[in-house]
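What the coordinates show
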Amino acid sequence: MRRILGLGLMLSITVIGQAAEVPAEVAAAATRQVSAQVLGWRRDIHQHPELGNRETRTAALVAAQLRALGLEVQTGIAKTGVTGLLKGALPGPRIAIRADMDALPVTEDNALPFASKVRTDFNGSTVGVMHACGHDAHTAMTLGVATALAAMRAELHGEVLFIFQPAEEGPPAGEPGGAELMLDEGLFDRFKPAAIFGMHVFYTLHAGQIGVREGPMLAGSDRFQITVQGRQTHGAQPWRGVDPIVTAALIVNQAQTIVSRQLNISELPAVLSFGMIHGGLRWNIIPDQVALEGTIRSFDPAMRQQVFDHLQAIAEHVAAAQGASVVTKIPLPEAVNPVTVNDPALTRRMRGSLERAVGADQVITITPNMVAEDFARFADQVPGMYFFVGSVPPTQALASAAANHSPLFMLDEAALDVGTRAMLQVALDALSGQALATPR
Ligand SMILES: [Zn+2]
Ligand SMILES: [Zn+2]
């Protein structure tokens, strides 16, 4: 084992560490102890879902439990966020575990005794509210992990910050929120973890299974705008103006060659889609302007930049060839969601913990997924590992399972124990091991 003193940092970082292995039976027994509580919390939160930045009841439930455990609790972070700091009796690394608390404007269609009947205002209309993405399960399981670890405090190494985040699905229009706001408010200035962990129940795996991959796991999403400026004229005399409609069509077509001809998609996938074209008021007038908008999904910062650069070049050169000009926002700065990257070294190390917790054959290496997650914001700042917890009953074919965000999204509650046990094992091994930065 080699130890290097951080230059000027009050840290010592063990570069080569033998991961300590806490016996799987410890996490399994602790999970059994909190299992009934986790189930109860999950059903309670499921029945009382709240939209992003409005998670007041959920936050109060979380804060009350964390206080009852004797953790140092802070509330009102990024509107409704809650953190609880657990300090073990023994020295060790600092880690963070993050759960999200918000529900979606979806009307539940499941016949469950604890199905949501909640309705609320959203963007001016009344909508049903449902934990259709399973954040009720994340909050309940993470409370279970906090409860289990608090009971081990006397033998516990290091410190754990439990982060209960609002508005993962995005804040309401016109409001800031989510992981970005938590960080803007100084979350990691107050407590900088050596590693952060998060999990998500997901419909592409069976209950009992865990899905994970090293490196890029969930897509980064970007929005772009291109405004094509031409010169208005009569539709009968196009030569007297500059046609932004034809120019926009050429840009849309040419942009299809970026992913198909310019990117090495044998390494990682990417997507570029136009979702909006607006231009023109009348059938016989060639207008001044056409506005284009779309989305880019990518997994690698260099590939992402390549898409931006090619799109910019195509927009400018195609427009120039037509005598038109463009104003671009590639990307729109306020709509950036980074790639969720699992730190390779951390993930290699913790994969063994996942395998011991649920069985090696139950840990699946998944392909990159085009959905985006704002856990990426935390994992941008410190090494992170994010994993999927399968939510589909083992007896059901995966192809027939309702996706997250569906009004029929259904969690096999057996997944609750699986996720709790997996996260507990990860936390215990990370805290006991020597490969993470240790505060002095
Ligand atoms: Zn979601
Ligand atoms: Zn989600």
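Definitions and cut-offs
- Residues numbered from 1 in each chain as written.
- Chains lettered and ligands numbered in written order.
- Predicted model: local features only at pLDDT ≥ 70, side-chain atom pairs only at ≥ 80, totals over all residues.
- Heavy atoms only, no water.
- Helix = DSSP H or I, 4+ residues; strand = E, 2+ residues; numbered from the N terminus.
- Buried < 20%, exposed > 50% of the residue type's maximum accessible area, 1.4 Å probe, protein only.
- Areas by Shrake-Rupley, 256 points an atom, 1.4 Å probe, with all protein chains shown as cover.
- Lys, Arg positive; Asp, Glu negative; His and termini not counted.
- Charge placed at Lys NZ, Arg CZ, Asp CG, Glu CD.
- Phe/Tyr/Trp six-rings, centres within 6.5 Å; stacked < 30°, edge-to-face > 60°.
- Pairing = 2+ DSSP bridges.
- Axes fitted to C-alpha atoms, helices over the stretch in contact; angles between N-to-C directions.
- Donors = N, O, S within 2.8 Å, 3.2 Å for Na, K, Ca; no water.
- Domains from an automatic or database assignment.
- Contact = heavy atoms within 4.5 Å.
- Buried area = accessible area lost by both parts, 1.4 Å probe.
- Salt bridge = Lys/Arg side-chain N within 4 Å of Asp/Glu carboxyl O.
- Polar contact = N/O pair within 3.5 Å; in protein donor to acceptor, adjacent residues only side chain to side chain.
- Nonpolar A, V, L, I, M, F, W, Y, C, P; charged D, E, K, R; others polar.

The helix and strand tally for the protein stands at ten helices and 21 strands. Structurally, the protein occupies a C-alpha span of about 85 × 55 × 40 Å along its principal axes. The buried share of the protein, taken over its 440 residues, is 53%. A total accessible area of about 19,000 Å² is found for the protein, and carbon and sulfur atoms account for 54% of it. In the protein, the 33 positive side-chain charges and the 41 negative ones have mean positions that sit 2 Å from each other.

One pass over the full model with this rule turns up seven aromatic pairs. Seen from their ring centres, phenylalanine 202 and tyrosine 203 are 5.1 Å apart, and the 50° between their planes marks the pair as tilted. Look at tyrosine 203 and you get partly exposed, because its relative accessible area is 26%.

A few words on the sheet that holds strand β16 (residues 289-298). Sheet strands pair by backbone hydrogen bonding; their relative direction is either parallel or antiparallel. Pairing within the open sheet is antiparallel, and its four strands lie in the order β14-β16-β12-β17. Edge positions in the sheet fall to β14 (271-279) and β17 (325-329), since each of these pairs with one other strand and no more. Averaged over all neighbouring strand pairs, the angle between strand axes comes to 20°, with direction disregarded. Bridge count for strand β12 (residues 220-229) against β17 is five bridges, and the pairing is antiparallel. Each residue of the ladder has a partner; that of threonine 227, found in β17, is valine 327.

What follows is about the pairing of β16. Pairing between β12 and β16: ten bridges, direction antiparallel. Bridging across to β16, arginine 223 finds its partner in threonine 295.

Every protein donor of the zinc ion (ligand 2) is accounted for by Cys133 (SG), His135 (NE2) and His200 (NE2), and the metal-donor separations fall at 2.1 to 2.4 Å. Written as a sequence motif, the donor arrangement for the zinc ion (ligand 2) is C-x1-H-x64-H. A separation of 3.0 Å is found between the zinc ion (ligand 2) and the zinc ion (ligand 1), which are bridged by cysteine 133.

Its domain assignment divides the protein into domain 1 (2-219 + 340-439) and domain 2 (220-335). Between the C-alpha centres of domain 1 and domain 2 there is a distance of 38 Å. Counting residues at the interface gives eight residues for domain 1, matched by nine residues for domain 2. When domain 1 packs against domain 2, the two sides together hide about 650 Å² of surface, and 78% of this comes from carbon and sulfur. Where domain 1 packs against domain 2, one counts zero salt bridges. At the boundary of domain 1 and domain 2, one finds one residue pair in polar contact (both at pLDDT 80 or more). A per-class count over the side of domain 1 that touches domain 2 returns seven nonpolar, one polar and no charged.

This brings us to the coordination of the zinc ion (ligand 1). Listed as protein donors to the zinc ion (ligand 1) are Cys133 (SG), Glu169 (OE) and His405 (NE2); their distances from the metal cover 2.0 to 2.3 Å. Read from N- to C-terminus, the donor residues coordinating the zinc ion (ligand 1) fall into the pattern C-x35-E-x235-H. Given a relative accessible area of 28%, glutamate 169 falls into the partly exposed group. Judged by its relative accessible area of 38%, histidine 405 is partly exposed.

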